Amino acid sequence: MSATARLKRLMPTDIRALKGQAPVVVLTAYTTPVAKLADADCDVLLVGDSLGMVLHGLPSTLGVTMDMMILHGQAVMRGSNHALVVIDMPFGSYEESPAQAFRNAARIMAETGAGAVKLEGGVHMAETIAFLVARGIPVMAHIGLTPQAVNTLGGYKVQGKGDDAARLRADANAVAEAGAFSVVLEKVPAGLAGEISRELTIPTIGIGAGVDCDGQVLVIDDMLGLFAEFKPKFVKRYAELGKTAAQAVADYAAEVRARSFPAAEHSFFDEAGK
């Protein structure tokens, strides 16, 4: 059997082929255990630079490094065998030039084995996207609210309102024409996101962009209730694992202090029962 025939993992072409078919299911993942939990139900596992805030306590994504993305990308690849793994290119790793972007994207893919990278930006990044795609690096684009540009956007505001809609449409068309296999629309009015989704030939992945996108993505720590610093409007909590874990820690601490843990069933004894 050829190596190609043995492939089980979804590829960027498979995700692109879902346009007009079943909605694309995307969640972030940063670790091997979480990747194992999410892999079977997801089409894409995104190793997002949100890991800087969620896992490392950074105030934004701007401090995330290539080494951090590669380390977590390797962990997610170890924990998955079905979903396409896409890794965010961190701030400063691709904006300077297409050549810089290629060097860093090639390093990410070579050192992790992931199937694609994601980068932020529309019209101004189209040349870079085309450069990468022409050299064998699949790209998921990201427009609308682009967190790496939060300082120039003036905060985490909805993008594409009113006259700004034309800019978002131009960005969407530019990344699609450049060869991106899909595009994330973040914090975009639902009506506009639906119109863009109908216009493009590639899947749109919404986050705070309404139900008419071709797929949806959430940060897994948000939807599981593990990240409690704040809750964006577009997040639905599917569980409150943070509260459950906090109670479990409190119960453990209480039992240790009361000397009720470890009990006999958690202990080892010699033949004399001591």
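Here the structure is shown first, and the text comes after it.
The side chains of a regular strand alternate, residue by residue, between the two faces of the sheet. When you tally the buried positions in strand β4 (residues 116–120), you get five out of five residues, the bulk of the element. Of the two faces of β4, both are covered, the one formed by Ala-116, Lys-118 and Glu-120 as well as the one formed by Val-117 and Leu-119. Summarising the sheet, strand β3 (residues 84–88) and β4 pair through three bridges and their orientation is parallel. Looking across to β4, one finds that Val-86 is bridged to Ala-116. Once you follow β3 into helix α6 (residues 98–112) and on to β4, the crossover reads as right-handed. Where β4 and strand β5 (residues 139–144) come together, four bridges link them in parallel fashion.

With that out of the way, let us pick up the nonpolar core. In summary, soluble globular proteins display a tendency toward joint burial of nonpolar side chains. Leu-45, Val-85, Val-117, Leu-119, Ile-129, Val-183 and Leu-185 are the most contacted members of the largest nonpolar core, which has 61 residues in total. In contact with Leu-185, not counting residues within four places along its chain, are Ile-143, Ala-193, Ile-196, Ser-197, Thr-204, Ile-205, Gly-206, Ile-207, Ala-209 and Cys-213. Membership of the second largest hydrophobic core comes to 15 residues, among which are Leu-84, Met-140, Phe-181 and Ile-205.

Glancing now at the sheet that holds β5. Sheet architecture is closed into a barrel: eight strands sit in the order β1-β2-β3-β4-β5-β6-β7-β8, paired in parallel fashion. Averaged over all pairs of adjacent strands, the angle between strand axes in this sheet comes to 25°, irrespective of strand direction. Direction of pairing for strand β2 (residues 44–47) relative to β3: parallel, over a ladder of four bridges. In the sheet register, Leu-45 faces β3, and the bridge partner there is Val-85.

Applying the stated rule across the entire model yields zero disulfides. Free cysteine Cys-42: the closest other cysteine sulfur is in Cys-213, separated by 17 Å. For Cys-213, a relative accessible area of 8% corresponds to the buried category.

All told, the structure shown has one aromatic pair when counted by the stated rule. On the numbers, 6.0 Å between centres and 65° between planes, the contact of Tyr-252 with Phe-261 is edge-to-face. In this structure, Arg-135 packs its charged tip against the face of Phe-131, placed 3.5 Å from the ring centre.

This part is about a nonpolar patch on the surface. A cluster of nonpolar side chains, namely Tyr-252, Val-256 and Phe-261, defines an oily patch on the protein surface of about 270 Å² accessible area. For Phe-261, the position within the fold is in the segment after α12 (241–257). A relative accessible area of 31% means that Phe-261 is categorised as partly exposed.

We now examine the packing of α6 against helix α7 (residues 126–134). Viewed as axis vectors pointing N to C, α6 and α7 meet at an angle of 45°, and their least axial separation amounts to 9 Å. Relative to α7, the element α6 is oriented oblique. In this structure, α6 meets α7 at a crossing whose hand is right-handed. Side by side, α6 and α7 meet where Pro-98, Ala-99, Ala-101, Phe-102 and Ala-105 of the first sit next to Glu-127, Thr-128, Phe-131 and Leu-132 of the second. When grouped by side-chain class, the residues that make up the contact of α6 with α7 number seven nonpolar, one polar and one charged.

With that settled, the discussion passes to the packing of helix α9 (residues 165–178) against helix α10 (residues 190–199). With their axes 11 Å apart at the nearest point, α9 and α10 run at an angle of 30° to one another. Classified by the angle between their axes, α9 and α10 sit roughly parallel to one another. Like other packed secondary-structure pairs, α9 and α10 cross with a definite hand, here right-handed. Counting all contacts with α9, which are made through Ala-165, Leu-168, Arg-169, Ala-172 and Asn-173, the residues of α10 involved are Leu-192, Glu-195, Ile-196 and Glu-199. Looking at the contact of α9 with α10, its residues break down into five nonpolar, one polar and three charged.

Moving on, we come to the pattern of salt bridges. Evaluated as defined, the whole model comprises eight salt bridges. Asp-214 is the partner of Lys-19 in a salt bridge, and the nearest nitrogen-oxygen pair spans 2.6 Å. Taken together, the residues span a long stretch of sequence, with Lys-19 in the loop between α2 (12–16) and β1 (24–28) and Asp-214 in the loop between β7 (204–207) and β8 (215–218) at a distance of 195 residues. Taken as a pair, Lys-19 and Asp-214 share a single burial class, namely buried. Taking the shortest distance from any N to any O, the salt bridge between Arg-107 and Glu-111 comes out at 3.0 Å. Of this pair, Arg-107 and Glu-111 both sit in helix α6, four residues apart, roughly one helical turn. Glu-111 sits in the partly exposed class, given a relative accessible area of 38%. Overlapping salt bridges bring together Asp-67, Arg-107 and Glu-111 as one network.

The rules behind these values
- Residues numbered from 1 in each chain as written.
- Predicted model: local features only at pLDDT ≥ 70, side-chain atom pairs only at ≥ 80, totals over all residues.
- Heavy atoms only, no water.
- Buried < 20%, exposed > 50% of the residue type's maximum accessible area, 1.4 Å probe, protein only.
- Helix = DSSP H or I, 4+ residues; strand = E, 2+ residues; numbered from the N terminus.
- Pairing = 2+ DSSP bridges.
- Right-handed = clockwise from strand over helix to strand, strands pointing away.
- Core = buried A, V, L, I, M, F, W, Y, C linked by side-chain atoms within 4.5 Å.
- Contact = heavy atoms within 4.5 Å.
- Axes fitted to C-alpha atoms, helices over the stretch in contact; angles between N-to-C directions.
- Disulfide = S-S within 2.5 Å.
- Phe/Tyr/Trp six-rings, centres within 6.5 Å; stacked < 30°, edge-to-face > 60°.
- Lys NZ or Arg CZ within 6 Å of the ring centre and 35° of its normal.
- Patch = residues over 30% accessible without salt bridge, like charges linked within 9 Å, V, L, I, M, F, W, Y side chains within 5 Å.
- Areas by Shrake-Rupley, 256 points an atom, 1.4 Å probe, with all protein chains shown as cover.
- Salt bridge = Lys/Arg side-chain N within 4 Å of Asp/Glu carboxyl O.
- Parallel < 35°, antiparallel > 145°, perpendicular 65-115°, else oblique.
- Left-handed = near helix turned anticlockwise from the far one by under 90°.
- Nonpolar A, V, L, I, M, F, W, Y, C, P; charged D, E, K, R; others polar.

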